[in-house]
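So the chains spell out like this:
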Protein chains: 2
Amino acid sequence: MSTTIIVNGIFVTANEADTIVHGCMVFEDDQITYIGEKAPLPLEQYDHVIDGSRKLYMPGLVNTHGHAAMSLLRGYGDDLALQIWLEEKMWPMEAKFTSEDVYWGTSLSVLEMIKSGTTSFVDMYDHMDQVADVVRQSGIRGSLTRGVIGLCPADIQEHKLQEAIRFARDWNGEADGRITTMIAPHAPYTCPPDYIERFVQAAHDLDLPIHTHMSETAREVQANVEQYGARPVEHLEKLGVFTRPTLVAHGVHLTDEEIATLARYDVRVSHNPGSNLKLASGIARVVDLMKAGVKVSLGTDSSASNNNLDMFEEMRLAALIHKGVSGDPVAVPARTALRMGTAIGAESIWLPHTGVLEAGRKADFIAINIDQPHFFPRTDMISHIVYSAAGQDVSDMCVNGRWVMKERSVLTLDEERIQHEFSRRFEALVAR
Amino acid sequence: MSTTIIVNGIFVTANEADTIVHGCMVFEDDQITYIGEKAPLPLEQYDHVIDGSRKLYMPGLVNTHGHAAMSLLRGYGDDLALQIWLEEKMWPMEAKFTSEDVYWGTSLSVLEMIKSGTTSFVDMYDHMDQVADVVRQSGIRGSLTRGVIGLCPADIQEHKLQEAIRFARDWNGEADGRITTMIAPHAPYTCPPDYIERFVQAAHDLDLPIHTHMSETAREVQANVEQYGARPVEHLEKLGVFTRPTLVAHGVHLTDEEIATLARYDVRVSHNPGSNLKLASGIARVVDLMKAGVKVSLGTDSSASNNNLDMFEEMRLAALIHKGVSGDPVAVPARTALRMGTAIGAESIWLPHTGVLEAGRKADFIAINIDQPHFFPRTDMISHIVYSAAGQDVSDMCVNGRWVMKERSVLTLDEERIQHEFSRRFEALVAR
């Protein structure tokens with residue numbers, strides 16, 4: 001057993017009471033065992049003593065929706081109308097992605113996530129064995145799923161479904177439990193109803209949650225009504241999706257009735273403010289969702305539509321845009337935004353043993369270098385985290401009790417090699 | 001004369017053609033003399049040769065509205081309704097500010113601005129001699145003005161006006177021209193009409209521009225109509241304000257007619273998206289203003305309502321929110337946002353010799369460390385600057401041909417001392 005104590009730190013716990021502790025935190029192996037003002041034992045009795053002066057510790061950020069490999073398409077065809085962007089830029093390039101592209105694209109994204117404080121992320125993509133392999137090496141947590149588009153012949157549908165099942169079964173619980181899996185029909189508008197039902201059955205068979213895109217644009221909602229005679233929430237409910245624990249991404253265009261349905265089934269919503277703004281999809285009804293009791297967490301979506309993976313920015317956008325749009329300056333306070341990015345994120349992807357700094361939880365945390373002008377004065381540190389900080393302020397990261405980054409140096413991945421190989425893959429991709 | 005050449009760099013010029021040069025930039029004393037692919041002379045003929053590999057160079061950012069000393073109130077009473085925030089938090093604290101508070105509050109903000117890439121900033125506040133002194137030391141540019149609230153007896157009004165005139169006259173053109181001044185009645189709702197007219201006269205006498213807050217909230221517009229029978233634009237027009245070159249802050253609530261009036265007089269608008277969102281003031285009609293030909297630049301407002309001074313964030317917000325709110329994914333493209341934060345900002349505060357990297361302009365520029373995952377792949381660097389970067393990515397700054405920061409070490413100000421003295425002043429302020 002290895003014991004570590006951090007002394008002289010400021011610990012923003014992100015618990016429901018918004019507790020901030022000035023003092024010490026102890027973790028033994030992968031678990032936090034103490035947090036409080038005074039060290040429980042003389043310091044010489046710990047294997048490692050860390051001076052936390054000039055740092056703020058908080059739970060690692062939880063990114064509940066994304067497609068990591070799409071870093072290869074960052075800045076490729078920005079500021080275009082949505083359909084042109086998708087049809088002329090994204091899809092032709094993605095069709096050319098190889099396993100190796102996905103491996104290096106995901107590696108760059110995981111590096112970026114580590115350097116900006118994300119300790120757990122959701123990834124929905126293809127070539128998922130590559131993604132799982134990167135997560136295994138990286139030291140952080142991944143909630144991974146093969147996202148399946150079902151607009152294809154029956155034999156290809158069958159092949160994709162089996163691949164999704166095989167991946168989810170093989171990798172769930174791997175890497176000391178850092179990898180968990182989900183089942184992901186891509187979206188109601190990209191999967192026929194009977195195909196979605198087969199994913200529901202698979203999720204039941206494997207006892208896994210479901211992740212899907214839902215109601216991102218007004219256009220797709222309208223198409224759903226025209227094609228299936230129901231809006232997406234009712235459509236998915238009828239197909240049995242919500243009989244499984246479910247996380248939906250976006251949920252921008254929702255009626256009161258749909259919000260009530262999501263709350264009744266405890267369906268979780270990943271709010272992606274940066275991506276929704278950039279793609280002009282609209283402003284999600286986050287305040288109404290939360291009032292109804294829906295767990296709303298935060299996601300970056302891919303860096304093709306964001307264009308970074310900095311979760312501090314998503315917390316800030318969540319805290320800012322709903323004030324500006326509603327005219328209510330107390331909509332989504334900083335405290336709420338912080339919990340959306342940490343504790344609620346962890347709950348939303350079924351990692352309740354992470355997301356808060358308290359005894360009994362996993363040692364998943366980050367340190368922020370607050371010895372910088374934008375963290376003065378030492379008034380409201382939660383406000384500073386949400387309204388002032390950026391991912392670049394993160395100095396250290398520990399996941400599952402193991403150090404992943406120290407003083408901005410990543411210990412688990414080779415930064416220089418990843419940037420080099422990524423660039424090579426990108427050049428080859430464009431040339432193909 | 002001293003000559004410097006930067007080689008192997010990427011130069012984002014921010015000119016109207018969005019030119020990006022891979023190569024060299026030369027500056028002699030305070031002026032850029034060359035930018036192009038090849039070095040004009042053998043390298044040994046330059047006094048200084050700088051290797052710009054792994055860096056991106058761009059014009060320094062121009063922050064066209066703020067109140068630097070209010071860093072002392074960062075995070076003090078966030079997430080409150082506007083009137084409670086103002087009446088119970090901001091005003092009682094500001095009333096206690098001394099010259100020394102303003103000195104150290106401004107010092108911290110200028111430090112933060114340097115570390116996030118701002119080379120020129122507008123400041124409207126009180127105790128302005130202190131602010132000017134900080135700008136003089138810092139090496140960056142300040143467009144400074146004593147902001148006057150006129151809701152007071154005639155003798156105090158007179159005293160404040162004379163102070164504003166004296167400051168504007170004494171400091172204009174000081175610090176090698178890095179300090180310029182303006183005349184600033186605080187706002188139509190805080191200055192009686194006849195008092196505003198006296199500021200207009202003073203601006204004529206001194207041949208200086210006018211800076212004022214205008215139409216930030218719907219409530220103040222309504223009050224203006226009730227009190228003066230006109231919306232703020234017509235009101236200020238009648239008072240002769242626009243007979244002077246004018247920069248207004250916010251301009252959130254504007255009619256088509258008001259936009260046309262602003263365009264006719266070439267009134268410049270400082271758009272403050274972060275502050276407008278946080279205070280729930282609304283969404284400015286930026287796209288319509290620009291279509292009408294109004295110069296729209298960017299400002300942070302104070303760190304009490306933002307809560308940082310990172311202009312990269314303002315560029316990103318400007319590029320994101322107008323897409324999300326309008327439903328148009330091509331509203332405010334990255335190119336436009338970049339120019340709002342640089343070239344248009346410089347024009348808007350009458351510094352046309354800055355804001356663009358080109359021969360003949362002042363050597364006001366910053367370097368960004370692009371050797372980080374969020375700047376890969378090397379596709380569209382303007383997109384990366386606007387959608388991916390943060391102030392913390394700025395490595396170096398040069399203003400008026402002199403280095404202000406190298407590898408994130410500020411050369412002109414004592415960072416540790418400022419943070420220390422600032423904290424002391426804050427504690428004393430809270431205790432008073």
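Residues numbered from 1 in each chain as written. Chains lettered and ligands numbered in written order. Predicted model: local features only at pLDDT ≥ 70, side-chain atom pairs only at ≥ 80, totals over all residues. Heavy atoms only, no water.

As named in an unreviewed UniProt entry, chain A is 5-methylthioadenosine/S-adenosylhomocysteine deaminase, taken from Paenibacillus chartarius. What the UniProt record of chain A gives under Function (unreviewed entry) is the line "Catalyzes the deamination of 5-methylthioadenosine and S-adenosyl-L-homocysteine into 5-methylthioinosine and S-inosyl-L-homocysteine, respectively. Is also able to deaminate adenosine." The Sequence similarities (unreviewed entry) field of the UniProt record for chain A holds the comment "Belongs to the metallo-dependent hydrolases superfamily. MTA/SAH deaminase family." (UniProt positions renumbered as here; feature names shortened; annotations may be inferred.)

**Student:** Explain helix α8 (residues 256–264) of chain A here, please?
**Tutor:** Because an α-helix packs 3.6 residues into every turn, residues spaced three or four apart end up facing the same way. All names here are of chain A. Every buried residue of α8 is accounted for by E258, I259, T261 and L262. One side of α8 carries all its buried residues, which in axial view fall inside an arc of 160 degrees. Among the exposed residues of α8, those pointing more than 90 degrees away from its buried face are D256, E257 and R264. In this structure, the buried side of α8 is in contact with β11 (210–214), α7 (232–238), β13 (268–271) and α10 (286–291). At the C-terminal side of α8, D266 shows a positive phi close to 55 degrees. (Buried < 20%, exposed > 50% of the residue type's maximum accessible area, 1.4 Å probe, protein only. Helix = DSSP H or I, 4+ residues; strand = E, 2+ residues; numbered from the N terminus. Arc of directions from axis to C-beta. Contact = heavy atoms within 4.5 Å.)

**Student:** Any chance you could explain the pattern of salt bridges here in plain terms?
**Tutor:** Charged atoms that come close allow side chains of opposite charge to pair. Considering all chains together, one arrives at 64 salt bridges over all chains under this definition. Across the salt bridge formed by K115(B) and E415(B), the nearest N and O atoms sit 2.7 Å from each other. Residue K115(B) is located in helix α2 (residues 99–115), and its partner E415(B) is located in helix α15 (residues 415–431); the two are separated by 300 residues in the primary sequence. Looking at K115(B), the relative accessible area reads 14%, which means it is buried. The partner of D207(B) in a salt bridge is R244(B), with the nearest N and O atoms 2.9 Å apart. Here the residue D207(B) occupies a position in the loop between α5 (193–206) and β11 (210–214), and R244(B) occupies one in the loop between α7 (232–238) and β12 (246–250), the gap between them amounting to 37 residues. Among the charged side chains, a salt-bridge network with shared partners connects E100(A), D101(A), R425(A) and R432(A). (Salt bridge = Lys/Arg side-chain N within 4 Å of Asp/Glu carboxyl O.)

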